[in-house]
Amino acid sequence: MGPAQVRVRVAAIGVNYLDVQERTGAYPRAVPYVPGDEGSGTIVELGPGVRRWRVGERVCW
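What you are looking at is a predicted structure, and each value in this text was computed from that prediction instead of being measured.

Q: It is not clear to me how the overall build of the protein chain should be interpreted in this structure. Could you clarify?
A: Secondary structure summary: the protein chain contains one helix and three strands in total. Secondary structure elements of the protein chain, listed N to C terminal, follow the sequence β-α-β-β. For a compact globule of 61 residues, the expected C-alpha radius of gyration is about 10 Å, and the protein chain comes in at 14 Å, more than 25% above that figure. The principal-axis extent of the C-alpha atoms belonging to the protein chain is close to 40 × 20 × 15 Å. Out of the 61 residues in the protein chain, the part that is buried amounts to 18%.

Next up, the structure:
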């Protein structure tokens, strides 16, 4: 775990139409990448220097 990073136990993810199009090559993206930029979960670990977040908080992105 690096500085200013948080580890999240993911509860749900979203893979939408744009993610599928990126995978087919219609919208090229640098590789490697993980499709799906949406998710939610609970913070389970904080890296050094993290002040805003707390372990146990629910987050989404």
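Alright, that's what it looks like, and here's the rest.
Q: I keep staring at a nonpolar patch on the surface and nothing clicks. Help me out?
A: Taken together, the side chains of Val-10, Ile-13, Val-15, Val-20 and Trp-61 define a hydrophobic patch exposed on the protein surface, amounting to about 490 Å² of accessible area. Judged by its relative accessible area of 46%, Val-10 falls in the partly exposed class.

Q: Before we go on, may I ask you to explain the pattern of salt bridges in this structure?
A: Opposite charge on two side chains permits them to pair, given that their charged atoms come into close proximity. Within the structure shown, the criterion is met by three salt bridges. Taking the shortest distance from any N to any O, the salt bridge between Glu-45 and Arg-7 comes out at 2.9 Å. With Glu-45 in strand β2 (residues 38–46) and Arg-7 in strand β1 (residues 6–14), the pair connects residues that are 38 residues apart, well separated along the chain. According to the relative accessible area criterion, Glu-45 is partly exposed, its value standing at 32%. With a relative accessible area of 40%, Arg-7 lands in the partly exposed category.

Q: Please explain the confidence of the model for the protein chain as it appears in this structure.
A: Where the model shows low pLDDT, its predicted coordinates should not be examined in detail. The predicted model of the protein chain has a mean per-residue pLDDT of 91, with 100% of residues at 70 or higher. Ranking the elements of the protein chain by mean pLDDT puts helix α1 (residues 17–24) last with 86 and strand β3 (residues 58–60) first with 97.

So, how was this worked out
Residues numbered from 1 in each chain as written. Predicted model: local features only at pLDDT ≥ 70, side-chain atom pairs only at ≥ 80, totals over all residues. Heavy atoms only, no water. Helix = DSSP H or I, 4+ residues; strand = E, 2+ residues; numbered from the N terminus. Rg over C-alpha atoms; globule rule 2.2 N^0.38 Å. Buried < 20%, exposed > 50% of the residue type's maximum accessible area, 1.4 Å probe, protein only. Patch = residues over 30% accessible without salt bridge, like charges linked within 9 Å, V, L, I, M, F, W, Y side chains within 5 Å. Areas by Shrake-Rupley, 256 points an atom, 1.4 Å probe, with all protein chains shown as cover. Salt bridge = Lys/Arg side-chain N within 4 Å of Asp/Glu carboxyl O. pLDDT = per-residue confidence, 0-100.

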